[in-house]
Amino acid sequence: MKKALNVIGKEKSLFDFLSSVALSLVLVPILAASVYGTLYPEADVYHSWWFLFLLIVLCVNLSACTFRRLSAKSRHWGTIAIHLAVVLILLGGLASAVTNKKGFVGVFEGEVKKFAFVTETEMFPLPFAIRLDTFETEFYGTGQVKEWRSHVSILDSRNNETISQIIKVNTPLSYRGWTIYQASYDEKYPHWSGLIVSKDVSMYFVWPGFVLLFLGLVFHFYVKPVLTSVPIVSQEKKKGRTP
């Protein structure tokens with residue numbers, strides 16, 4: 001019995017530590033690391049093991065804080081929603097850092113490519129093939145480039161389907177979680193197109209996170225004051241009554 005109580009006590013102490021504000025303050029360097037990674041992309045902060053570890057710990061910390069408040073009254077639901085929203089956004093960043101794939105595909109008209117290059121020597125296979133059917137460059141009267149248009153076909157042998165679409169600078173092609181963007185062209189090779197292929201699952205976490213964050217803020221700043229003011233008004237009416 002005594003051992004069981006000791007185990008429960010240790011678990012409670014661990015939970016108190018994980019849900020503490022002090023731990024949140026210790027994790028503030030994550031924000032500084034984020035700024036550093038933005039200013040100096042070559043440092044590749046977002047894929048480093050220590051940054052991912054701190055991100056996981058911060059998610060655990062916020063989740064524990066949220067769980068601690070679950071038994072609270074309804075006036076805390078706004079705070080809970082905000083905590084969950086931040087957790088979702090952080091999970092989106094974590095998912096992007098772990099699973100994100102991005103590469104470059106340079107292709108001539110009529111050519112089929114099945115690989116994307118990350119660097120000049122590093123590449124990864126695509127789950128489908130990209131064929132450039134035609135490439136067009138539209139110019140202004142001044143001779144400046146107005147628009148690039150890549151007529152591409154996605155050849156997916158696994159699903160036995162072919163999809164054709166025109167890709168422009170602001171009109172990418174989306175297919176099974178992958179997005180293909182128009183990136184560049186070469187004046188020396190008018191029938192060549194440069195494409196960027198990217199797969200990022202973070203949007204499945206980030207967008208719901210922002211929606212939940214918005215709802216939580218609305219509840220916290222607009223709904224909560226109304227709910228907390230009702231008992232006060234009732235008490236004032238009771239005090240104003242004469243026996």
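Below or above, wherever it landed, is the structure these notes cover.

Conventions adopted
- Residues numbered from 1 in each chain as written.
- Predicted model: local features only at pLDDT ≥ 70, side-chain atom pairs only at ≥ 80, totals over all residues.
- Heavy atoms only, no water.
- Helix = DSSP H or I, 4+ residues; strand = E, 2+ residues; numbered from the N terminus.
- Buried < 20%, exposed > 50% of the residue type's maximum accessible area, 1.4 Å probe, protein only.
- Contact = heavy atoms within 4.5 Å.
- Areas by Shrake-Rupley, 256 points an atom, 1.4 Å probe, with all protein chains shown as cover.
- Core = buried A, V, L, I, M, F, W, Y, C linked by side-chain atoms within 4.5 Å.
- Phe/Tyr/Trp six-rings, centres within 6.5 Å; stacked < 30°, edge-to-face > 60°.
- Salt bridge = Lys/Arg side-chain N within 4 Å of Asp/Glu carboxyl O.
- Polar contact = N/O pair within 3.5 Å; in protein donor to acceptor, adjacent residues only side chain to side chain.

## Things to note about the overall build of the protein
(1) Moving on: Per the secondary structure count, the protein includes six helices and eight strands.
(2) Moving on: In the protein, the succession of α and β elements from N to C terminus is α-α-α-α-α-β-β-β-β-β-β-β-β-α.
(3) Moving on: The burial tally for the protein puts 30% of its 243 residues in the buried class.
(4) Moving on: Sequence-distant contacts in the protein: of pairs separated by 6 or more residues, those separated by 24 or more amount to 48%.
(5) Moving on: Surface exposure of the protein reaches about 16,100 Å², of which carbon and sulfur atoms provide 65%.

## Observations regarding unusual backbone geometry
(1) Moving on: Notably, Arg-176 is not glycine yet its phi reads approximately 50 degrees, a positive angle.
(2) Moving on: Take Arg-176: its relative accessible area is 53%, and that puts it in the exposed class.

## What about the nonpolar core?
(1) Moving on: Counting 19 residues, the largest nonpolar core has Leu-126, Ile-130, Ile-180 and Val-197 as the members making the most contacts within it.
(2) Moving on: Those elements that provide at least two residues to this core are β1 (101–108), β3 (123–139), β4 (145–156), β6 (173–175), β7 (178–186) and β8 (189–199).
(3) Moving on: Not counting residues up to four positions away in its chain, the partners in contact with Val-197 are Lys-101, Lys-102, Gly-103, Val-105, Ala-116, Phe-124, Leu-126, Ile-130, Trp-178, Thr-179 and Ile-180.
(4) Moving on: Phe-51, Leu-52, Val-87 and Leu-94 belong to the second-largest nonpolar core, a separate cluster that totals 13 residues.

## Structural notes on the packing of aromatic side chains
(1) Moving on: The final tally for this structure, using the stated rule, is six aromatic pairs.
(2) Moving on: On the numbers, 6.2 Å between centres and 40 degrees between planes, the contact of Phe-104 with Trp-192 is tilted. Placement of Phe-104 in strand β1 and of Trp-192 in strand β8 is noted, with a sequence separation of 88 residues between them.
(3) Moving on: Phe-104 sits in the partly exposed class, given a relative accessible area of 28%.
(4) Moving on: The exposure class assigned to Trp-192 is buried, which follows from its relative accessible area of 16%.
(5) Moving on: When the centroid spacing of 5.8 Å and the interplanar angle of 90 degrees are considered together, the rings of Phe-108 and Tyr-189 count as edge-to-face. Here Phe-108 is found in strand β1, whereas its partner Tyr-189 is found in strand β8, with 81 residues between them in sequence.
(6) Moving on: The class of Phe-108 is partly exposed, set by a relative accessible area of 35%.

## Concerning the pattern of salt bridges
If the charged atoms of two oppositely charged side chains come close together, the side chains can form a pair.
(1) Moving on: All chains considered together, the criterion is met by eight salt bridges.
(2) Moving on: Where Arg-176 meets Glu-161, a salt bridge forms, and the shortest distance between an N and an O atom there is 3.2 Å. Of this pair, Arg-176 sits in the loop between β6 and β7 while Glu-161 sits in strand β5 (residues 161–167); the two residues are 15 residues apart in sequence, bridging distant segments of the chain.
(3) Moving on: Linked by salt bridges that have partners in common, Glu-136, Glu-138, Lys-146, Glu-147, Arg-149 and Lys-168 make up one network.

## Focus on the environment of Ser-198
(1) Moving on: Within the fold, Ser-198 resides in strand β8.
(2) Moving on: Each residue touching Ser-198, except ones within four places of it in the same chain, is listed here: Asn-100, Lys-101, Lys-102, Gly-177, Trp-178, Thr-179 and Tyr-181.

## Brief notes about the environment of Lys-113
(1) Moving on: Relative to the helices and strands, Lys-113 resides in strand β2 (residues 112–117).
(2) Moving on: Residues Lys-113 and Leu-132 lie 19 residues apart in sequence; the distance between their C-alpha atoms is 8.8 Å.
(3) Moving on: If near-sequence neighbours (up to four positions away) are discounted, Lys-113 is found in contact with Val-105, Gly-106, Val-107, Phe-128, Ala-129 and Ile-130.
(4) Moving on: Here Gly-106 takes part through its backbone oxygen, which lies 2.5 Å from a polar atom of the side chain of Lys-113.

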